[in-house]
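Below, each chain spelled out in residue letters.
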Amino acid sequence: MEIPHILIEKLASAKHVAVLTGAGVSAESGIKTFRDPDGLWAQFNPAELASMDGFMSNPDLVWSWYQHRREIVAESKPNPGHYAIAEMQNLFEKFTLITQNVDRLHQSAGSKQVLELHGNIIENHCVRCKKDFVGETTLPDGQLPKCSYCGGMIRPSVVWFGEMLPADTLLAAENASNQCDFFFTVGTSGEVYPAANLPIVAKRHGAYVVEVNPNRTSISHSMDCCLSAPSGVALPLILNEFKKYRNQKS
Ligand code: BV8
Ligand code: ZN
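First, a word on scope: everything that follows refers to the structure included in this document. In this convention, every chain numbers its residues from 1, walking through the sequence in written order. Working convention: letters from A go to chains and numbers from 1 go to ligands, in the order in which they are written. Given that this is a predicted model, residues contribute local features only at a pLDDT of at least 70 and side-chain atom pairs are listed and counted only at 80 or more, while totals for whole chains, interfaces and linings are drawn from all residues. Water and hydrogen atoms were dropped before computing side-chain values, which therefore reflect all heavy atoms in the structure.

As a further point, take the side chain of Ser111. Mapping Ser111 onto the fold places it in the loop between α6 (105–108) and β3 (115–116). Any pair of residues with heavy atoms lying within 4.5 Å of one another is described as a contacting pair. Ignoring any residue separated from it by four or fewer positions in sequence, one finds Ser111 in contact with Ile85, Ala86, Gln89, Leu97 and His106. To qualify as a helix, a DSSP run of H or I must reach at least 4 residues; to qualify as a strand, a run of E must reach at least 2; elements of each kind are numbered from the N terminus.

Okay, here's the thing in C-alpha cells:
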C-alpha cells in the first residue's frame, strides 16, 4: 500500500502528535472488536452487558462475559500496530496516546502514559465501598465475587454506558486533541462519545487528521486522509516511510 507523501511531510513537521485507538487496533492480536459483524456485541446488546443497569440486573452474566474477555486478553499479544505506536512516542516533541481499549496491549507493547478513556479490564473494584481488587477475583467461572470488606459486589473497572469517563483522563485527551498538529484515529468506528468527538476537535483546531481503518466510518468524510488498511500493516509502513524521509532530510 502507498502512504501519501503529504502525510509523511505533515508528520515530519509535526510538533505534537496525538493518537486515538479503538478495538480495531487489537483485532490483529485476536481480540474481537465490538461492532464488526463477528464482534463482541454480535450476540449481545451492549446496554445489557456494558452498563450498570445491565450488571445490577444480571451480575453473573455480565461478570462471566468479562471473565471470558479477560481470558482472551490474557492470551493476546501486541501486534505490529501497537509496536509502531509505542515507537512513535519518542520521535516527536510531544506525543499523546488516547485509547478506548481496555486490554492494556499498548502498555505491553511499551507505550507509556496511556490515556485509558474507558478504564481497563484487568482491575476490579467494589460497587459499594470502591475498594480495588486486582487479580483476587479468579473465582470459578460464573460465581460473582463479593467484597471482603463490605460484602458488596465486585465489578470490572471499565467505564460502562451512562457512566462518566475519568475526568482528568478525558481532560488530558481533550487538551491533546485541541493542541496537537497531527492526529491519528486508528481502529475505531467513531460510534461512542465523548471519544468520537476527539478527531473532530483536532480537525477543528487545524490538525492534520488521518484515519486508519479498513472500513469507512461516520467520521471518514471529515478526515484529511483515510488509509483503508489494517493498522498492523499501515502503521509500521508509515513509521518506515517517516524514518526514511527524516534520514534523507538530515
Ligand atoms: C458518558 C465498556 C456522560 C468497556 C464501552 C454524546 C455525548 C456524551 C455521551 C453520549 C452522547 N451520545 C450518547 C452518549 C452516551 C454513550 C454513547 O456514546 N452511546 C453511543 C452508543 C451512542 N456514551 C457513554 O455512555 C459514555 N459516558 O458519556 O458519560 C453521560 C452520562 C449519561 C448520559 C449522557 C452522558 C461512556 C462510553 C463508554 C462505554 N463503554 N465499553 C468495555 O466493555 O470494553 S464502549 C465500547 O465501544 C468499548 O469501550 C469500545 O472501546 C468503544 C468504542 O468502540 P470501538 O473501539 O470503536 O470498536 P468498534 O467495534 O465500534 O469499531 C472497531 C473498528 O475497527 C471498526 O471501524 C472496524 O472497521 C475497525 N477495524 C477492524 N479491524 C481493524 C480495524 N481497524 C484497524 N485495523 C484493523 N485490523
Ligand atoms: Zn466493598
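The next subject is the coordination of the zinc ion (ligand 2). Note on the zinc ion (ligand 2): its protein donors are Cys126 (SG), Cys129 (SG), Cys147 (SG) and Cys150 (SG). The metal-donor distances range over 2.2 to 2.3 Å. Spacing between the donor residues of the zinc ion (ligand 2) along the chain follows C-x2-C-x17-C-x2-C. Linking Cys126 in strand β4 (residues 119–126) with Cys150 in the loop between β5 (132–134) and β6 (154–158), this pair joins segments that are 24 residues apart in sequence. Per-residue accessibility, obtained with a 1.4 Å probe over protein chains only, is compared with the maximum for each type, and a residue is labelled buried under 20%, exposed over 50%, and partly exposed between these values. Of the residues examined, Cys126 reaches a relative accessible area of 0% and is grouped as buried. For Na, K and Ca the donor cutoff is 3.2 Å, while for all other metals N, O and S atoms count as donors only within 2.8 Å; water does not appear among the atoms, so some sites may look incomplete.

Within the largest apolar cluster, 30 residues are counted, with the highest numbers of intra-cluster contacts made by Leu7, Val17, Phe182, Phe184, Val210 and Ile238. Contributions of two or more residues to this core are made by α1 (5–12), β1 (16–21), α5 (80–88), β2 (94–99), β7 (182–186), β8 (208–212), β9 (225–227) and α9 (231–249). A per-element tally of this core places α9 first, with six residues. When sequence neighbours within four positions are dropped, the list of residues in contact with Val210 reads Leu7, Phe182, Phe183, Phe184, Thr185, Cys225 and Leu227. For our purposes a nonpolar core is just a set of buried Ala, Val, Leu, Ile, Met, Phe, Trp, Tyr and Cys residues, chained together by side-chain atoms within 4.5 Å.

For the bond from Tyr193 to Pro194, the omega torsion is 0°, close enough to zero to count as cis. Relative to the helices and strands, Pro194 resides in the loop between β7 and α8 (198–204). Look at Arg104: it is not a glycine, yet its phi comes out positive at around 60°. Tracing the backbone shows Arg104 in the loop between β2 and α6. A relative accessible area of 25% means that Arg104 is categorised as partly exposed.

So, about the packing of aromatic side chains. For any pair of aromatic rings, the description consists of the separation of the ring centres together with the inter-plane angle of the planes. The criterion for an aromatic pair is that two Phe, Tyr or Trp rings (for Trp, the six-membered ring) have centres within 6.5 Å, with stacked assigned to planes under 30 degrees apart, edge-to-face to planes over 60 apart and tilted to the rest. Enumeration over the complete set of coordinates arrives at six aromatic pairs. The interplanar angle of 40° and the centroid separation of 5.2 Å between the aromatic rings of Phe92 and Phe242 together place this pair among those described as tilted. Taken together, the positions of Phe92 in the loop between α5 and β2 and Phe242 in helix α9 put the pair 150 residues apart, joining distant regions of the chain. Look at Phe242 and you get buried, because its relative accessible area is 3%. Ring plane angle 45° and centroid distance 5.5 Å describe the contact between Phe182 and Tyr208, whose orientation is recorded as tilted. Taken together, the residues span a long stretch of sequence, with Phe182 in strand β7 and Tyr208 in strand β8 at a distance of 26 residues. The exposure class assigned to Phe182 is buried, which follows from its relative accessible area of 0%. Throughout this description, the term charge over a ring refers to an Arg CZ or Lys NZ atom that lies within 6 Å of the ring centre and within 35 degrees of the ring normal. A cation over an aromatic ring shows up here: Arg69 above the ring of Trp65, its NZ or CZ 4.7 Å from the ring centre. A cation sits over an aromatic face here: Arg70 above Trp63, 4.9 Å from the ring centre.

Let us look at the packing of α5 against α9. Working note: a packed helix pair is described by the angle between its axes plus the distance between those axes. For helices, the fitted axis covers only the stretch in contact; all axes are lines through C-alpha atoms, and the angles between them, taken along N-to-C directions, range from 0 to 180 degrees. Taken N-terminus to C-terminus, the directions of α5 and α9 make an angle of 35°; their axes are 7 Å apart at the nearest point. Two packed elements cross with a definite hand, and for α5 against α9 that hand is left-handed. Mapping the contact onto sequence places Pro80, Gly81, Ala84, Ile85, Glu87 and Met88 in α5 and Ser231, Gly232, Leu235, Pro236, Leu239 and Lys243 in α9. For a crossing to be left-handed, the near helix must be turned anticlockwise from the far one by less than a right angle; the clockwise case is right-handed.

Turning to α9, a few remarks are in order. One less than the residue count of a helix, multiplied by 1.5 Å, gives the span that helix is expected to have. The terminal C-alpha atoms of α9 lie 26 Å apart, and with 19 residues this matches the ideal 27 Å at 1.5 Å per residue to within 8%. Structurally, α9 contributes buried residues whose contacts are with α1, α5, β7, β8 and β9.

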